[in-house]
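Overview (structure and organization)
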Amino acid sequence: MTRSRAILAATSIAAAAVLLVAGCDDDPPATPSPEPTAASASPSASPSPSATAVVVAPERPKAMDGDGPAGAEAAAVYFLELDDYIMKTGDTAEWESMSTSSCGHCAARLDQARDIAEQNAVWEGGETEARVVHTYEQDAATSIWPIDVEIKVAPVTVNDASGKQIFEDPAREAGLRVEIAHKDGSWAVVGVANRPES
């Protein structure tokens, strides 16, 4: 299997959290890759059609400063909406800082973002909108907040370094269960899975 096809195989799990990789494991998080910089044209040249668009990370909500249910909800939404940013830039530092070793989904998406960056592939689309639909009572023993979230994910294409398309996925909607806890002054994602059927 070529590396491009390996990326394709990994990409098919997700288009941003259509999370059939819902299980948890103990794999350590991957090392972050440096964020690519946008190409800039010289002052006298016309803009290059192949110039890289600047990708902006989602803004961290102020509500995340709290350690109650509102903070948990804001952190869950923020984490899910980071997905397309890490795929486009390879900048996984914030994702890693919020991930725990028990979160299999977190580790799988980190690995995929690193593979894309290492192969100089280009992830386009996949913008994710997340909305909390229900927050459960905090678990007294673990301090975990289980939160049900609905996401909408824009269509995704992945092109290899030569510009050849190696993967595409249509727009998706999914219901997820995010488990998140406030530890040592920050939010940590314990797990992300498909929302159980009621």
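Conventions we followed
Sequence order sets the numbering: in each chain, residues are counted from 1 along the sequence as written. Owing to the predicted nature of the model, reporting of local features is limited to residues with pLDDT of at least 70; listing and counting of side-chain atom pairs is limited to 80 or more, with chain, interface and lining totals taken over all residues. Only hydrogens and water are set aside; all other atoms, that is, all heavy atoms of the structure, feed into the side-chain values. Under the DSSP-based scheme used, a helix requires at least four consecutive residues in state H or I and a strand at least two consecutive residues in state E, with every element numbered from the N terminus. Burial classes: relative accessible area under 20% of the type maximum marks a residue as buried, over 50% as exposed, and values in between as partly exposed (1.4 Å probe, protein chains only). Helix span, as expected, comes to 1.5 Å for every residue beyond the first. Only Phe, Tyr and Trp rings are paired, with Trp represented by its six-membered ring, and only when their centres lie within 6.5 Å; those with planes under 30 degrees apart are stacked, over 60 edge-to-face, the remainder tilted. Nonpolar cores were defined as sets of buried Ala, Val, Leu, Ile, Met, Phe, Trp, Tyr and Cys residues, with membership established by side-chain atoms within 4.5 Å. Criterion used throughout: strands pair if DSSP finds at least two bridges between them. The axes are straight lines fitted to the C-alpha atoms, using for helices just the contacting stretch, and the angles between their N-to-C directions are given from 0 to 180°. Contact criterion: two residues are considered in contact whenever any of their non-hydrogen atoms come within 4.5 Å of each other. Predictor confidence is given residue by residue as pLDDT, running from a minimum of 0 to a maximum of 100. The term salt bridge refers to a pairing of a side-chain nitrogen on Lys or Arg with a carboxyl oxygen on Asp or Glu at a separation within 4 Å.

Right, let's get into the overall build of the chain. Check the secondary structure of the chain and you find five helices and seven strands. Each of the 198 residues in the chain was classed as buried or not, and the buried ones make up 41%.

Turning our eyes to something else, we now look at helix H2 (residues 69-81). Here H2 contains 13 residues, and its C-alpha end-to-end distance of 18 Å stays within 8% of the 18 Å for a straight helix at 1.5 Å per residue. Taken residue by residue, H2 has Gly71, Ala72, Ala74, Ala75, Ala76, Val77, Tyr78, Phe79 and Leu80 as its buried positions.

Moving on to the packing of aromatic side chains. Applying the stated criterion across every chain yields a total of one aromatic pair. With 3.9 Å between their ring centres and 25 degrees between their planes, phenylalanine 79 and tryptophan 95 make a pair best called stacked. On the criterion of sequence distance, the pair formed by phenylalanine 79 in helix H2 and tryptophan 95 in helix H4 (residues 93-98) is long-range, its members being 16 residues apart. Tryptophan 95 gets classed as buried once you look at its relative accessible area, which sits at 1%.

Among the nonpolar cores identified, the biggest contains 39 residues, and Leu80, Ile151, Val178, Ile180, Trp187, Val189 and Val192 are the most heavily contacted of them. When residues of this core are assigned to their parent elements, the largest contribution, eight residues, is made by H2.

What follows concerns the sheet that holds strand S2 (residues 128-135). Across the sheet, four strands lie side by side as S2-S3-S6-S7; this open sheet has antiparallel pairing. One side of each edge strand has no neighbouring strand; the edge strands of this open sheet are S2 and strand S7 (186-194). Adjacent strand axes in the sheet meet at a mean angle of 35 degrees when their direction is disregarded. Bridging between S2 and strand S3 (residues 144-153) involves seven bridges; their strand directions are antiparallel. If you follow threonine 135 over to S3, its bridge partner there is isoleucine 147. Contacting S2, S3, strand S6 (172-183) and S7, H2 runs over the sheet at an angle of about 150 degrees to S2.

Right, let's talk about the sheet that holds strand S4 (residues 156-159) for a bit. The three strands lie next to each other as S1-S4-S5, forming an open sheet whose pairing is antiparallel. Edge strands, defined here as strands with exactly one partner in the open sheet, are strand S1 (122-125) and strand S5 (165-169). In this sheet, neighbouring strand axes are inclined to one another by 15 degrees on average, regardless of whether the strands run parallel or antiparallel. As paired strands, S4 and S5 are joined by four bridges and run antiparallel to one another. Each residue of the ladder has a partner; that of asparagine 159, found in S5, is glutamine 165.

As a further point, take the confidence of the model for the chain. Summing up the model confidence of the chain, the mean pLDDT is 82 and the portion of residues at 70 or higher is 73%. Residue range residues 3-50 is modelled with pLDDT below 50. Its contacts to residues more than four positions away, or to other chains, number 102 contacts.

Looking at the element boundaries, serine 97 is found in helix H4. Residues serine 97 and valine 189, spaced 92 residues apart in sequence, show a C-alpha to C-alpha distance of 9.4 Å.

Spanning 15 residues, helix H5 (residues 104-118) covers 21 Å between terminal C-alpha atoms, matching the ideal 21 Å at 1.5 Å per step. The complete set of buried residues in H5 reads Gly104, His105, Cys106, Ala107, Ala108, Arg109, Leu110, Gln112, Ala113 and Ile116. Immediately downstream of H5, the backbone of asparagine 120 shows phi near 55 degrees, a positive value.

The final tally for this structure, using the stated rule, is nine salt bridges. Aspartate 65 is the partner of lysine 62 in a salt bridge, and the nearest nitrogen-oxygen pair spans 3.6 Å. Looking at lysine 62, the relative accessible area reads 68%, which means it is exposed. Two residues, arginine 114 and glutamate 118, come together in a salt bridge whose shortest N-O distance is 3.6 Å. In this pair, arginine 114 and glutamate 118 both sit in helix H5, four residues apart, roughly one turn of the helix. One salt-bridge network, held together by shared partners, links Arg60, Lys62 and Asp65.

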